[in-house]
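Residue-level structure breakdown
Next come the chains, spelled out residue by residue.
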Amino acid sequence: MSLEIRPVGETEVPDWVRAMRTGFLVPPVAPKDEVEIRRAGMDLARTQGAFDDGRCVGTFRSFTQRLTVPGGTAVTANAVTNVTVTPTHRRRGLLGRMMGNALRAARERGDAAATLLSAEYPIYGRFGFGPASRVTRWEVQVTRAGLDPHYAGPADGGRVDFADGDTVRQLAPALHERLRARQHGAVDRTERWWRMATGDMPQLGPQAWTEPFYALYRSPAGSVDGLLTYTADAVWEAKLPMNTATVRDLIAVSPEAERALWHFLFSIDWITRVDTGLRAPDDVLPLLLPDPRAARVTTDADYMWLRPLDVPALLEARTYACPGSLVLDVTDPDGLSGGRFALEAGPDGASCVPTSRPAELSLGVGELGALCLGDESAVRLAALGRVREDRPGAAARAELMLRTARRPWCPDMF
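For the structure given in this document, a descriptive report is provided here.

So, how was this worked out
- Residues numbered from 1 in each chain as written.
- Predicted model: local features only at pLDDT ≥ 70, side-chain atom pairs only at ≥ 80, totals over all residues.
- Heavy atoms only, no water.
- Buried < 20%, exposed > 50% of the residue type's maximum accessible area, 1.4 Å probe, protein only.
- Helix = DSSP H or I, 4+ residues; strand = E, 2+ residues; numbered from the N terminus.
- Pairing = 2+ DSSP bridges.
- Axes fitted to C-alpha atoms, helices over the stretch in contact; angles between N-to-C directions.
- Contact = heavy atoms within 4.5 Å.

A few points about the pairing of strand S20 (residues 361–364)
Burial of S20 is two-sided: the residues Leu 361 and Leu 363 facing one way and the residues Ser 362 and Gly 364 facing the other way are all buried. One ladder, built from 4 bridges, connects strand S17 (residues 324–331) with S20; its direction is parallel. By the bridge assignment for S20, Leu 328 is matched with Leu 361. Relative to strand S21 (residues 387–389), S20 runs antiparallel, the two being bridged by 3 bridges. Paired with Ser 362 across the strands is Arg 388, a residue of S21.

Encoded structure:
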């Protein structure tokens, strides 16, 4: 067999879509409408295929992403998606070759990191990725939550109003940019993202589009500070409502907006259960309820994985909880971003430069990826033997510097 890895040509997009669907256990066809929608969002120069005698048996795609790091600065990341290898061609190094091509190209472009959402945990650590953020999903029994059943609107003078998709496309992108500027772990949303999220562009995937409800929170001054998007089913048992509201999106740039939108959702008649969607693990929601036990965790899992490509650029972009210095010895078997670096950092910024000084903390590039958004614990990784203290107390110092008061959160799938 002749296995070839290369960029996908224009006429090969349908075969690439068929191979991708095969890898994700979706019927192995290439519907014309899906091919057209996917092609509109693809950069063929960054879309790879593995081919066996001309037939696509592996898929890989990347695109440029803006990722917010602690402190609010955005770095350029190479977002990896649509990764599959056909079951008949596993264990032949196809993913490794495609990933290697993409990471080298991203490093040459000057991307600070690569990101992805891992379908399977064991796959991507060997390519230098580390789990940098997590998500939690709750199911809330409304009748147990204990919220005031007479709630009629925000007490702060703001208001919640329904909106349509057109209005959301006009107002929500600016709202999201305000959120992204303060929420580390968040990524940018394109015009294409908003069009698909509001039904202005046909959806990808096997499920038909269901028009959601959109609600906007406006502050007393009139600014749009929050957006809630949700769907609801219609289930009645013996003349009793048993309806579930499922959150597709809830973003807010003020505590008042966040609380108002949750209160609004829990106050809707006939809703007896709320599926919160994927939230930050330290979301305010459970403690917003008079009875937090009404919120049951249904998912708690790793989410965004991060692979440093330019260590100085990545560490200099963020801020740090307290002043401090560390000499990090970073091992990268792929030779893309390893080295020894002196980090001088604090709440106002950082300097990170190559150094010949003795290492204080030694770690792999994947472990650095897990630490750099502030979610993972250097002390915990040291206890696992995945980080080595070359100077006593270095892991604790890294803990104080790198961890963040609120946890990173990526609201989006990509």
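What about the sheet that holds strand S19 (residues 349–354)?
With respect to topology, 5 strands assemble into an open sheet ordered S19-S18-S17-S20-S21, the strand pairing being mixed. The open sheet has two free edges, formed respectively by S19 and S21, since each of these has just one partner strand. Sheet twist, expressed as the average angle between the axes of neighbouring strands with direction ignored, equals 25°. As defined by bridge partners, strand S18 (residues 339–346) adjoins S19 across 6 bridges and the pair is classed as antiparallel. Looking at the pairing, Phe 341 lines up with Pro 354 of S19. The strands that helix H12 (residues 394–402) touches are S17, S18, S20 and S21; relative to S17, the one it contacts most, it runs at about 110°.

Quick look at the environment of Arg 18
With respect to the element layout, Arg 18 can be found in helix H1 (residues 13–23). Note on Arg 18: relative accessible area 12%, which makes it buried. A C-alpha to C-alpha distance of 5.2 Å links Arg 18 and Pro 28, two positions 10 residues apart in sequence. Apart from the residues lying within four places of it in its own chain, the contact partners of Arg 18 are Pro 28, Val 29, Ala 30, Arg 55 and Cys 56.

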